[in-house]
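So the chains spell out like this:
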Amino acid sequence: MSPTTPMPLASQIPDAESVLAALAERMRPAVAFDAAFVGIYSGGAWIADRLAKMIPGEHPVGYIDVSFYRDDFARSGLKSGAKRSELPFDVEGATIILVDDVLYTGRSVRAAVNELFDYGRPARIELAVLVDRGGRELPVEATYCGARLAVARNLSLVLARDGEHLKFGVESAAEA
Amino acid sequence: MRNPQLNANGELTHLLTLEGLPAPVITHILDTAMPFVGIAEREVKKVPLLRGKAVFNLFFENSTRTRTTFEIAAKRLSADVINLNIGVSSTTKGETLLDTVDNLVAMDADIFVVRHAQSGAPHLIAAHLNAHDRSHVHVVNAGDGRHSHPTQGLLDLYTIRHYKKEFHNLTVAIVGDVLHSRVARSLIHGLTTLGTPEVRVVGPKTLLPEKVESLGVRVFHDMREGVKDADVVVMLRLQNERMKGALLPSAGEYFKHYGLTPDKLALAKPDVIVMHPGPMNRGVEIDSAVADGDRAVILPQVTFGIAVRMAVMSIIAGN
(Lines give C-alpha, C1' and ligand atoms only; values in the text may rest on other atoms or scores of the structure.)
Protein backbone atom coordinates (compact mmCIF):
# COMPACT_ATOMS: atom_id res chain seq x y z
CA MET A 1 0.00 0.00 0.00
CA SER A 2 1.16 3.54 -0.72
CA PRO A 3 2.30 5.74 2.19
CA THR A 4 -0.49 8.18 1.30
CA THR A 5 -3.24 5.78 2.38
CA PRO A 6 -5.68 7.91 4.40
CA MET A 7 -6.37 7.22 8.07
CA PRO A 8 -9.33 4.88 8.42
CA LEU A 9 -12.62 6.54 9.27
CA ALA A 10 -13.62 6.38 12.91
CA SER A 11 -16.36 3.95 11.92
CA GLN A 12 -13.73 1.54 10.55
CA ILE A 13 -11.80 1.34 13.82
CA PRO A 14 -13.12 -1.71 15.63
CA ASP A 15 -14.87 -1.27 18.96
CA ALA A 16 -12.48 -3.08 21.32
CA GLU A 17 -15.16 -4.00 23.87
CA SER A 18 -17.42 -5.76 21.38
CA VAL A 19 -14.44 -7.51 19.76
CA LEU A 20 -13.40 -8.70 23.24
CA ALA A 21 -16.91 -10.08 23.82
CA ALA A 22 -16.77 -11.92 20.49
CA LEU A 23 -13.32 -13.31 21.29
CA ALA A 24 -14.48 -14.58 24.71
CA GLU A 25 -17.50 -16.19 23.03
CA ARG A 26 -15.20 -18.14 20.68
CA MET A 27 -12.85 -19.18 23.46
CA ARG A 28 -15.46 -20.26 26.03
CA PRO A 29 -16.17 -23.76 24.66
CA ALA A 30 -12.55 -24.50 23.76
CA VAL A 31 -10.28 -23.26 26.57
CA ALA A 32 -9.09 -25.75 29.19
CA PHE A 33 -10.55 -25.23 32.69
CA ASP A 34 -7.11 -24.70 34.24
CA ALA A 35 -5.40 -22.88 31.35
CA ALA A 36 -3.18 -19.97 32.41
CA PHE A 37 -3.58 -16.64 30.64
CA VAL A 38 -0.37 -14.79 29.88
CA GLY A 39 -0.72 -11.26 28.51
CA ILE A 40 2.00 -9.53 26.53
CA TYR A 41 2.55 -6.01 27.96
CA SER A 42 0.76 -3.72 27.83
CA GLY A 43 -2.40 -4.28 25.75
CA GLY A 44 -2.24 -8.07 26.03
CA ALA A 45 -1.96 -7.82 29.82
CA TRP A 46 -5.22 -5.86 30.08
CA ILE A 47 -6.99 -8.36 27.83
CA ALA A 48 -5.62 -11.35 29.76
CA ASP A 49 -7.04 -9.86 32.98
CA ARG A 50 -10.46 -9.48 31.37
CA LEU A 51 -10.53 -12.85 29.60
CA ALA A 52 -9.54 -14.76 32.75
CA LYS A 53 -12.74 -13.45 34.35
CA MET A 54 -14.95 -14.00 31.29
CA ILE A 55 -13.93 -17.63 30.55
CA PRO A 56 -15.19 -20.29 33.00
CA GLY A 57 -12.51 -22.08 35.00
CA GLU A 58 -9.62 -21.43 37.37
CA HIS A 59 -7.20 -19.36 35.33
CA PRO A 60 -3.93 -18.08 36.75
CA VAL A 61 -2.91 -14.81 35.05
CA GLY A 62 0.64 -13.83 34.18
CA TYR A 63 2.28 -11.00 32.29
CA ILE A 64 5.23 -11.05 29.98
CA ASP A 65 7.48 -8.25 28.74
CA VAL A 66 9.34 -9.28 25.61
CA SER A 67 11.88 -6.40 25.62
CA PHE A 68 14.81 -8.72 26.37
CA TYR A 69 13.82 -11.15 23.59
CA ARG A 70 13.11 -8.75 20.75
CA ASP A 71 14.88 -9.33 17.45
CA ASP A 72 15.40 -5.63 16.72
CA PHE A 73 17.70 -4.92 19.71
CA ALA A 74 20.79 -4.59 17.48
CA ARG A 75 18.96 -2.02 15.33
CA SER A 76 17.03 0.04 17.85
CA GLY A 77 18.53 -0.73 21.27
CA LEU A 78 16.66 -1.27 24.48
CA LYS A 79 13.31 0.49 24.72
CA SER A 80 12.65 2.33 27.94
CA GLY A 81 9.81 1.20 30.16
CA ALA A 82 10.68 -2.51 30.21
CA LYS A 83 8.57 -4.23 32.83
CA ARG A 84 9.22 -7.27 34.89
CA SER A 85 7.61 -10.44 33.60
CA GLU A 86 5.38 -12.05 36.23
CA LEU A 87 4.39 -15.68 35.86
CA PRO A 88 2.90 -16.69 39.23
CA PHE A 89 2.34 -20.35 38.27
CA ASP A 90 4.53 -23.26 37.24
CA VAL A 91 5.14 -23.00 33.50
CA GLU A 92 6.42 -26.59 33.40
CA GLY A 93 3.57 -28.74 32.05
CA ALA A 94 1.07 -25.84 31.99
CA THR A 95 -1.48 -25.05 29.30
CA ILE A 96 -0.92 -21.43 28.43
CA ILE A 97 -3.07 -19.03 26.45
CA LEU A 98 -0.75 -16.27 25.25
CA VAL A 99 -2.76 -13.07 24.83
CA ASP A 100 -1.98 -10.01 22.71
CA ASP A 101 -3.97 -7.07 21.44
CA VAL A 102 -2.91 -6.96 17.79
CA LEU A 103 -1.32 -9.79 15.79
CA TYR A 104 0.80 -8.30 13.00
CA THR A 105 4.30 -9.49 12.04
CA GLY A 106 4.32 -12.30 14.61
CA ARG A 107 7.67 -11.14 16.04
CA SER A 108 6.32 -10.33 19.54
CA VAL A 109 4.71 -13.75 19.71
CA ARG A 110 7.99 -15.41 18.69
CA ALA A 111 9.77 -13.46 21.46
CA ALA A 112 7.09 -14.31 24.04
CA VAL A 113 7.20 -18.04 23.23
CA ASN A 114 10.99 -18.03 23.58
CA GLU A 115 10.73 -16.29 26.95
CA LEU A 116 8.08 -18.75 28.21
CA PHE A 117 10.45 -21.64 27.55
CA ASP A 118 13.04 -20.02 29.82
CA TYR A 119 10.58 -20.56 32.68
CA GLY A 120 9.90 -24.20 31.86
CA ARG A 121 8.39 -26.51 29.24
CA PRO A 122 4.69 -25.81 28.83
CA ALA A 123 2.40 -28.68 27.80
CA ARG A 124 0.73 -26.46 25.23
CA ILE A 125 0.68 -22.81 24.14
CA GLU A 126 -2.28 -21.27 22.33
CA LEU A 127 -2.58 -17.72 21.06
CA ALA A 128 -5.55 -15.39 21.56
CA VAL A 129 -5.61 -11.94 19.93
CA LEU A 130 -8.20 -9.20 19.74
CA VAL A 131 -7.38 -8.24 16.17
CA ASP A 132 -5.44 -9.97 13.41
CA ARG A 133 -4.32 -7.27 10.99
CA GLY A 134 -2.41 -9.56 8.59
CA GLY A 135 1.13 -8.71 7.46
CA ARG A 136 2.84 -11.73 8.98
CA GLU A 137 6.63 -12.06 8.68
CA LEU A 138 6.82 -15.32 10.64
CA PRO A 139 4.78 -18.56 10.50
CA VAL A 140 2.53 -17.62 13.44
CA GLU A 141 -1.27 -17.96 13.57
CA ALA A 142 -3.79 -17.15 16.29
CA THR A 143 -5.74 -20.01 17.86
CA TYR A 144 -8.51 -17.55 18.81
CA CYS A 145 -9.09 -14.20 17.12
CA GLY A 146 -11.74 -11.52 17.84
CA ALA A 147 -11.69 -9.78 14.46
CA ARG A 148 -9.70 -9.61 11.24
CA LEU A 149 -8.93 -6.23 9.80
CA ALA A 150 -6.73 -4.89 7.00
CA VAL A 151 -4.65 -1.95 8.20
CA ALA A 152 -2.24 0.01 6.01
CA ARG A 153 1.46 -0.66 6.71
CA ASN A 154 2.11 2.96 7.64
CA LEU A 155 -0.46 2.85 10.45
CA SER A 156 -0.49 1.15 13.81
CA LEU A 157 -3.51 0.00 15.69
CA VAL A 158 -3.02 0.91 19.36
CA LEU A 159 -5.08 -0.30 22.31
CA ALA A 160 -5.70 2.17 25.14
CA ARG A 161 -7.43 1.68 28.48
CA ASP A 162 -9.62 4.14 30.29
CA GLY A 163 -10.50 2.66 33.67
CA GLU A 164 -11.54 -0.85 32.61
CA HIS A 165 -12.78 0.28 29.20
CA LEU A 166 -10.67 -0.79 26.21
CA LYS A 167 -10.51 1.34 23.08
CA PHE A 168 -8.60 1.11 19.81
CA GLY A 169 -6.91 4.12 18.24
CA VAL A 170 -4.83 4.58 15.11
CA GLU A 171 -1.38 6.17 14.99
CA SER A 172 1.12 6.71 12.24
CA ALA A 173 3.54 3.76 12.43
CA ALA A 174 6.54 6.07 12.90
CA GLU A 175 5.22 7.12 16.33
CA ALA A 176 4.54 3.61 17.50
CA MET B 1 32.12 19.83 24.98
CA ARG B 2 29.78 16.90 24.87
CA ASN B 3 29.60 14.59 27.88
CA PRO B 4 31.92 11.75 26.72
CA GLN B 5 29.49 9.19 28.16
CA LEU B 6 26.61 10.23 25.91
CA ASN B 7 26.17 9.92 22.14
CA ALA B 8 24.88 12.68 19.85
CA ASN B 9 21.29 11.81 20.87
CA GLY B 10 22.09 12.20 24.58
CA GLU B 11 21.93 8.42 25.13
CA LEU B 12 24.36 6.52 27.34
CA THR B 13 27.14 4.92 25.31
CA HIS B 14 29.86 4.56 27.98
CA LEU B 15 29.43 4.52 31.75
CA LEU B 16 32.41 6.35 33.25
CA THR B 17 31.09 8.30 36.24
CA LEU B 18 27.82 9.35 37.83
CA GLU B 19 29.13 12.92 38.07
CA GLY B 20 27.26 15.04 35.55
CA LEU B 21 25.03 12.18 34.42
CA PRO B 22 21.48 13.58 33.99
CA ALA B 23 18.81 12.29 36.39
CA PRO B 24 16.67 10.73 33.59
CA VAL B 25 19.65 8.63 32.45
CA ILE B 26 20.21 7.36 36.00
CA THR B 27 16.50 6.67 36.49
CA HIS B 28 16.35 4.82 33.16
CA ILE B 29 19.16 2.50 34.33
CA LEU B 30 17.42 1.84 37.68
CA ASP B 31 14.08 1.21 35.93
CA THR B 32 15.70 -1.18 33.47
CA ALA B 33 17.42 -3.08 36.28
CA MET B 34 14.06 -3.92 37.84
CA PRO B 35 12.95 -6.54 35.27
CA PHE B 36 16.49 -8.00 35.31
CA VAL B 37 16.10 -8.80 39.02
CA GLY B 38 13.27 -11.13 37.98
CA ILE B 39 15.54 -13.05 35.58
CA ALA B 40 17.55 -14.37 38.53
CA GLU B 41 14.45 -16.05 39.95
CA ARG B 42 13.73 -18.10 36.83
CA GLU B 43 14.60 -21.61 35.76
CA VAL B 44 16.82 -20.28 32.94
CA LYS B 45 18.68 -17.21 34.22
CA LYS B 46 19.58 -15.90 30.79
CA VAL B 47 18.15 -13.58 28.17
CA PRO B 48 19.45 -13.38 24.58
CA LEU B 49 20.06 -9.60 24.42
CA LEU B 50 23.85 -9.66 23.97
CA ARG B 51 24.12 -12.93 22.06
CA GLY B 52 27.21 -12.80 19.88
CA LYS B 53 28.73 -9.84 21.73
CA ALA B 54 32.10 -10.05 23.45
CA VAL B 55 32.61 -8.46 26.85
CA PHE B 56 36.25 -8.06 27.91
CA ASN B 57 36.89 -7.69 31.63
CA LEU B 58 40.07 -5.61 31.82
CA PHE B 59 41.13 -5.65 35.44
CA PHE B 60 44.38 -3.81 36.00
CA GLU B 61 43.64 -3.95 39.73
CA ASN B 62 42.46 -6.95 41.70
CA SER B 63 38.82 -7.45 42.51
CA THR B 64 36.94 -10.66 43.01
CA ARG B 65 33.40 -9.49 43.68
CA THR B 66 33.12 -6.77 41.05
CA ARG B 67 34.74 -8.87 38.34
CA THR B 68 32.55 -11.86 39.22
CA THR B 69 29.31 -9.87 39.21
CA PHE B 70 30.19 -8.27 35.87
CA GLU B 71 30.97 -11.72 34.52
CA ILE B 72 27.67 -13.15 35.77
CA ALA B 73 25.79 -10.12 34.40
CA ALA B 74 27.37 -10.46 30.95
CA LYS B 75 26.75 -14.22 30.87
CA ARG B 76 23.09 -13.74 31.85
CA LEU B 77 22.82 -11.44 28.83
CA SER B 78 24.27 -14.29 26.72
CA ALA B 79 27.48 -12.40 25.90
CA ASP B 80 30.84 -14.12 25.62
CA VAL B 81 33.06 -13.04 28.50
CA ILE B 82 36.83 -12.84 28.31
CA ASN B 83 38.67 -12.13 31.55
CA LEU B 84 42.08 -10.52 31.20
CA ASN B 85 44.39 -10.32 34.14
CA ILE B 86 46.37 -7.48 32.65
CA GLY B 87 48.70 -7.03 35.60
CA VAL B 88 50.57 -10.17 34.67
CA SER B 89 50.54 -9.97 30.88
CA SER B 90 50.98 -7.26 28.26
CA THR B 91 51.74 -4.25 30.43
CA THR B 92 54.59 -6.08 32.12
CA LYS B 93 56.00 -6.58 28.62
CA GLY B 94 55.81 -2.83 28.04
CA GLU B 95 52.62 -2.46 25.95
CA THR B 96 50.71 0.78 26.53
CA LEU B 97 47.12 0.78 27.72
CA LEU B 98 45.77 2.05 24.40
CA ASP B 99 47.79 -0.47 22.37
CA THR B 100 46.28 -3.21 24.51
CA VAL B 101 42.82 -1.77 23.80
CA ASP B 102 43.46 -1.55 20.03
CA ASN B 103 44.54 -5.18 19.97
CA LEU B 104 41.40 -6.28 21.78
CA VAL B 105 39.23 -4.21 19.43
CA ALA B 106 40.92 -6.10 16.59
CA MET B 107 39.65 -9.25 18.35
CA ASP B 108 36.12 -7.82 18.01
CA ALA B 109 35.52 -6.63 21.55
CA ASP B 110 32.12 -4.96 22.00
CA ILE B 111 32.29 -3.88 25.65
CA PHE B 112 35.26 -3.21 27.91
CA VAL B 113 34.73 -3.42 31.64
CA VAL B 114 37.72 -1.59 33.07
CA ARG B 115 39.16 -1.41 36.55
CA HIS B 116 42.34 0.56 37.01
CA ALA B 117 44.26 1.97 39.96
CA GLN B 118 44.77 5.17 37.97
CA SER B 119 41.90 7.64 38.08
CA GLY B 120 40.72 8.47 34.55
CA ALA B 121 41.94 5.30 32.80
CA PRO B 122 38.43 4.31 31.58
CA HIS B 123 37.91 7.90 30.32
CA LEU B 124 41.14 7.66 28.38
CA ILE B 125 40.00 4.42 26.71
CA ALA B 126 36.54 5.82 25.90
CA ALA B 127 38.00 9.02 24.44
CA HIS B 128 40.44 6.96 22.36
CA LEU B 129 37.61 4.79 20.98
CA ASN B 130 35.43 7.84 20.22
CA ALA B 131 38.32 9.61 18.49
CA HIS B 132 39.20 6.64 16.30
CA ASP B 133 35.75 5.96 14.93
CA ARG B 134 35.16 2.96 17.15
CA SER B 135 32.12 4.33 18.90
CA HIS B 136 30.40 0.94 18.51
CA VAL B 137 32.75 -0.26 21.27
CA HIS B 138 31.61 0.65 24.77
CA VAL B 139 33.38 1.18 28.09
CA VAL B 140 32.10 0.56 31.60
CA ASN B 141 34.16 1.89 34.49
CA ALA B 142 34.43 -0.83 37.14
CA GLY B 143 36.39 1.44 39.49
CA ASP B 144 39.24 3.86 38.78
CA GLY B 145 41.58 4.99 41.53
CA ARG B 146 39.83 7.14 44.10
CA HIS B 147 37.68 8.69 41.41
CA SER B 148 34.60 6.72 40.59
CA HIS B 149 32.82 3.37 40.77
CA PRO B 150 29.57 4.13 38.96
CA THR B 151 27.99 0.66 38.91
CA GLN B 152 28.49 0.37 42.67
CA GLY B 153 26.90 3.81 43.05
CA LEU B 154 23.99 2.69 40.87
CA LEU B 155 23.44 -0.54 42.79
CA ASP B 156 23.47 1.47 46.02
CA LEU B 157 20.86 3.81 44.54
CA TYR B 158 18.83 0.81 43.35
CA THR B 159 18.95 -0.72 46.83
CA ILE B 160 17.88 2.54 48.48
CA ARG B 161 15.02 2.99 46.02
CA HIS B 162 13.95 -0.64 46.50
CA TYR B 163 13.54 -0.21 50.25
CA LYS B 164 12.67 3.50 50.52
CA LYS B 165 10.79 4.10 47.20
CA GLU B 166 11.74 7.81 46.94
CA PHE B 167 14.84 9.95 47.44
CA HIS B 168 13.24 13.33 48.11
CA ASN B 169 12.53 12.67 51.80
CA LEU B 170 15.68 10.79 52.83
CA THR B 171 18.61 11.35 55.14
CA VAL B 172 21.56 9.23 54.06
CA ALA B 173 24.69 8.93 56.21
CA ILE B 174 27.89 7.68 54.58
CA VAL B 175 30.32 6.65 57.29
CA GLY B 176 34.04 6.00 57.32
CA ASP B 177 36.93 6.24 54.91
CA VAL B 178 35.43 8.68 52.43
CA LEU B 179 38.90 9.96 51.52
CA HIS B 180 39.93 6.77 49.71
CA SER B 181 36.46 5.76 48.58
CA ARG B 182 35.39 5.96 44.95
CA VAL B 183 32.19 4.23 46.10
CA ALA B 184 31.34 7.21 48.33
CA ARG B 185 32.03 9.73 45.54
CA SER B 186 29.79 7.92 43.08
CA LEU B 187 26.99 7.50 45.60
CA ILE B 188 27.12 11.17 46.66
CA HIS B 189 26.82 12.31 43.02
CA GLY B 190 23.94 9.92 42.39
CA LEU B 191 22.05 10.85 45.56
CA THR B 192 22.31 14.60 44.95
CA THR B 193 21.32 14.24 41.28
CA LEU B 194 18.20 12.32 42.30
CA GLY B 195 17.24 15.02 44.80
CA THR B 196 18.17 13.55 48.19
CA PRO B 197 17.75 16.46 50.62
CA GLU B 198 20.32 15.38 53.21
CA VAL B 199 23.50 13.49 52.45
CA ARG B 200 25.94 13.27 55.35
CA VAL B 201 29.52 12.14 55.47
CA VAL B 202 30.71 10.93 58.84
CA GLY B 203 34.29 10.23 59.83
CA PRO B 204 37.48 11.55 61.38
CA LYS B 205 39.03 14.60 59.71
CA THR B 206 41.92 12.46 58.45
CA LEU B 207 39.56 10.22 56.43
CA LEU B 208 37.40 12.94 54.85
CA PRO B 209 38.59 14.74 51.73
CA GLU B 210 39.33 18.46 52.02
CA LYS B 211 36.40 20.64 50.98
CA VAL B 212 34.09 17.61 50.89
CA GLU B 213 31.22 20.06 51.63
CA SER B 214 31.52 21.28 48.03
CA LEU B 215 29.90 17.98 46.95
CA GLY B 216 26.73 19.12 48.70
CA VAL B 217 27.04 17.04 51.85
CA ARG B 218 26.93 17.81 55.60
CA VAL B 219 30.03 16.82 57.54
CA PHE B 220 29.97 15.10 60.94
CA HIS B 221 32.91 14.00 63.01
CA ASP B 222 30.77 12.55 65.79
CA MET B 223 29.19 9.32 64.60
CA ARG B 224 26.26 9.48 67.02
CA GLU B 225 25.23 12.86 65.63
CA GLY B 226 25.91 11.69 62.08
CA VAL B 227 23.60 8.68 62.14
CA LYS B 228 20.85 10.33 64.19
CA ASP B 229 17.46 9.95 62.44
CA ALA B 230 19.09 8.57 59.29
CA ASP B 231 16.96 6.51 56.86
CA VAL B 232 20.01 4.90 55.30
CA VAL B 233 23.46 4.25 56.77
CA VAL B 234 26.19 3.32 54.30
CA MET B 235 29.30 1.93 55.96
CA LEU B 236 32.55 2.14 54.05
CA ARG B 237 35.36 -0.34 54.32
CA LEU B 238 38.45 0.89 56.10
CA GLN B 239 40.84 0.59 53.18
CA ASN B 240 43.98 -0.60 54.90
CA GLU B 241 45.77 -1.32 51.66
CA ARG B 242 45.31 2.29 50.56
CA MET B 243 46.29 3.79 53.85
CA LYS B 244 49.57 5.63 53.72
CA GLY B 245 51.09 7.04 56.89
CA ALA B 246 49.35 7.17 60.23
CA LEU B 247 45.84 8.41 59.47
CA LEU B 248 44.45 6.39 62.36
CA PRO B 249 45.68 5.36 65.78
CA SER B 250 44.47 1.74 65.50
CA ALA B 251 41.65 -0.42 64.16
CA GLY B 252 40.35 -0.90 67.71
CA GLU B 253 40.27 2.81 68.34
CA TYR B 254 38.49 3.34 65.01
CA PHE B 255 35.82 0.79 65.89
CA LYS B 256 35.19 2.51 69.22
CA HIS B 257 34.43 5.83 67.49
CA TYR B 258 33.17 4.93 64.02
CA GLY B 259 32.26 1.25 64.11
CA LEU B 260 28.54 0.67 63.57
CA THR B 261 27.29 -1.03 66.73
CA PRO B 262 23.68 -1.78 67.73
CA ASP B 263 23.65 1.13 70.23
CA LYS B 264 24.81 3.65 67.61
CA LEU B 265 22.37 2.26 65.06
CA ALA B 266 19.54 2.71 67.57
CA LEU B 267 19.88 6.48 67.07
CA ALA B 268 18.84 6.17 63.42
CA LYS B 269 15.21 5.80 62.30
CA PRO B 270 13.63 2.47 63.37
CA ASP B 271 13.26 1.40 59.73
CA VAL B 272 16.83 2.38 58.80
CA ILE B 273 18.65 0.19 56.28
CA VAL B 274 22.36 -0.57 56.65
CA MET B 275 24.46 -0.93 53.52
CA HIS B 276 28.08 -1.86 52.89
CA PRO B 277 29.84 -2.19 49.52
CA GLY B 278 31.94 -5.11 50.80
CA PRO B 279 34.21 -6.69 51.60
CA MET B 280 33.43 -6.04 55.27
CA ASN B 281 35.92 -5.79 58.10
CA ARG B 282 33.87 -7.12 60.99
CA GLY B 283 34.87 -5.51 64.25
CA VAL B 284 36.57 -2.63 62.41
CA GLU B 285 33.83 -0.60 60.73
CA ILE B 286 30.83 -2.79 61.51
CA ASP B 287 29.75 -4.99 64.41
CA SER B 288 28.69 -8.52 63.49
CA ALA B 289 25.42 -7.97 65.35
CA VAL B 290 24.60 -5.20 62.83
CA ALA B 291 26.07 -6.90 59.76
CA ASP B 292 23.95 -9.99 60.41
CA GLY B 293 21.00 -8.06 61.88
CA ASP B 294 17.58 -7.43 60.40
CA ARG B 295 18.37 -3.85 59.28
CA ALA B 296 21.27 -4.96 57.04
CA VAL B 297 20.63 -5.18 53.29
CA ILE B 298 24.24 -5.98 52.40
CA LEU B 299 23.55 -9.27 50.61
CA PRO B 300 20.57 -7.93 48.61
CA GLN B 301 22.98 -5.21 47.43
CA VAL B 302 25.11 -7.91 45.81
CA THR B 303 22.10 -9.49 44.10
CA PHE B 304 20.83 -6.15 42.84
CA GLY B 305 24.35 -5.38 41.61
CA ILE B 306 24.10 -8.10 38.98
CA ALA B 307 20.79 -6.73 37.66
CA VAL B 308 22.15 -3.17 37.61
CA ARG B 309 25.21 -4.29 35.62
CA MET B 310 22.95 -6.17 33.20
CA ALA B 311 20.94 -2.99 32.73
CA VAL B 312 24.04 -0.85 32.12
CA MET B 313 25.55 -3.25 29.59
CA SER B 314 22.32 -3.76 27.67
CA ILE B 315 21.59 -0.02 27.53
CA ILE B 316 25.05 1.00 26.29
CA ALA B 317 25.28 -1.90 23.83
CA GLY B 318 22.04 -0.75 22.21
CA ASN B 319 23.09 2.93 21.86
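Calculation rules
Residues numbered from 1 in each chain as written. Chains lettered and ligands numbered in written order. Predicted model: local features only at pLDDT ≥ 70, side-chain atom pairs only at ≥ 80, totals over all residues. Contact = placed C-beta atoms within 7 Å. Helix = DSSP H or I, 4+ residues; strand = E, 2+ residues; numbered from the N terminus. Nonpolar A, V, L, I, M, F, W, Y, C, P; charged D, E, K, R; others polar. Buried ≥ 20, exposed ≤ 12 C-beta atoms within 10 Å, placed from the backbone. Pairing = 2+ DSSP bridges. Right-handed = clockwise from strand over helix to strand, strands pointing away. Domains from an automatic or database assignment. Expected span 1.5 Å × (residues − 1). Axes fitted to C-alpha atoms, helices over the stretch in contact; angles between N-to-C directions. Parallel < 35°, antiparallel > 145°, perpendicular 65-115°, else oblique. Left-handed = near helix turned anticlockwise from the far one by under 90°. Core = buried A, V, L, I, M, F, W, Y, C linked by C-beta atoms within 7 Å. pLDDT = per-residue confidence, 0-100.

Some points on the interface of chain B and chain A
Here comes step 1: Counting residues at the interface gives 16 residues for chain B, matched by 14 residues for chain A.
Here comes step 2: Within the residue set of the side of chain B that touches chain A, elements represented by two or more residues are α1 (23-39) and α11 (298-318) of chain B.
Here comes step 3: With five residues, the single largest contributor to the side of chain B that touches chain A is α1(B).
Here comes step 4: In terms of residue class, the side of chain B that touches chain A is built from seven nonpolar, six polar and three charged.

Structural notes on the pairing of strand β1 (residues 54-59) of chain B
Residues and elements named next belong to chain B.
Here comes step 1: Of all six residues that make up β1, five are buried, and the element is covered over most of its length.
Here comes step 2: Relative to strand β2 (residues 80-85), β1 runs parallel, the two sharing six bridges. Its bridge partner lying in β2, L58 is registered against L84.
Here comes step 3: This β-α-β element, β1 to helix α2 (residues 65-76) to β2, shows right-handed connectivity.
Here comes step 4: With five bridges connecting them, β1 and strand β3 (residues 111-116) associate as parallel partners. Bridging across to β3, L58 finds its partner in V114.

Looking at the domain arrangement of chain B
All names here are of chain B.
Here comes step 1: Examined at the domain level, chain B breaks down into domain 1 (23-147 + 303-318) and domain 2 (150-297).
Here comes step 2: Between the C-alpha centres of domain 1 and domain 2 there is a distance of 27 Å.
Here comes step 3: The interface of domain 1 with domain 2 comprises 19 residues on the first partner and 16 residues on the second.

A few points about helix α6 (residues 182-193) of chain B
Along an α-helix, residues three or four positions apart point the same way, because every turn accommodates 3.6 residues.
All names here are of chain B.
Here comes step 1: Its twelve residues place the ends of α6 17 Å apart at the C-alpha level, agreeing with the 16 Å of an ideal helix rising 1.5 Å per residue.
Here comes step 2: Counting buried positions over the twelve residues of α6 gives eleven, a clear majority of the element.
Here comes step 3: Of all the residues in α6, the buried ones are R182, V183, A184, R185, S186, L187, I188, H189, G190, L191 and T193.
Here comes step 4: Taken together, the buried residues of α6 touch α1, β4 (138-144), α5 (150-164), β5 (171-175), β6 (198-202) and β8 (232-235).
Here comes step 5: One or two steps after α6, the chain reaches G195, where phi turns positive at roughly 85°.

Side note on the packing of α5(B) against α6(B)
Residues and elements named next belong to chain B.
Here comes step 1: As a packed pair, α5 and α6 sit with axes 8 Å apart at the nearest point and diverge in direction by 55°. For the element pair α5 / α6, the angle class is oblique. When you trace α5 past α6, the crossing you get is right-handed. Mapping the contact onto sequence places P150, Q152, G153, L154, D156 and L157 in α5 and V183, S186, L187, H189 and G190 in α6.

Structural notes on the nonpolar core
All names here are of chain B.
Here comes step 1: Ranked by internal contacts, the top residues of the largest apolar core, which has 146 residues, are I174, V175, V233 and M313.
Here comes step 2: No other element matches α11, which puts eleven residues into this core.
Here comes step 3: Each of domain 1 (23-147 + 303-318) and domain 2 (150-297) accounts for three or more of the residues forming this core.
Here comes step 4: Setting aside residues up to four positions removed in sequence, V175 forms contacts with V202, G203, M223, G226, V233, V234, M235, L236, Y258 and L260.

Looking at the confidence of the model for chain B
Here comes step 1: Across chain B, pLDDT averages 92, with 96% of residues at or above 70.
Here comes step 2: If you check the scores for this complex, the pTM reads 0.90 and the ipTM reads 0.81.

Examining unusual backbone geometry
Here comes step 1: The amide bond that connects Y41(A) to the next residue, S42(A), takes the cis arrangement and shows omega of -10°.
Here comes step 2: Position of S42(A) relative to the elements: it lies in the loop between β1 (36-40) and α2 (43-54).
Here comes step 3: Note the cis peptide between G278(B) and P279(B), where omega equals -10°.
Here comes step 4: Inspection of the secondary structure assignment puts P279(B) in the loop between β9 (273-275) and α10 (288-291).
Here comes step 5: One non-glycine residue, D108(B), adopts positive backbone phi at about 70°.
Here comes step 6: The topology assignment puts D108(B) in the loop between α3 (97-106) and β3.
Here comes step 7: Exposure remark for D108(B): the 12 C-beta atoms within 10 Å place this residue in the exposed category.
Here comes step 8: Residues other than glycine seldom take positive phi values, yet D133(B) does so here, at roughly 60°.

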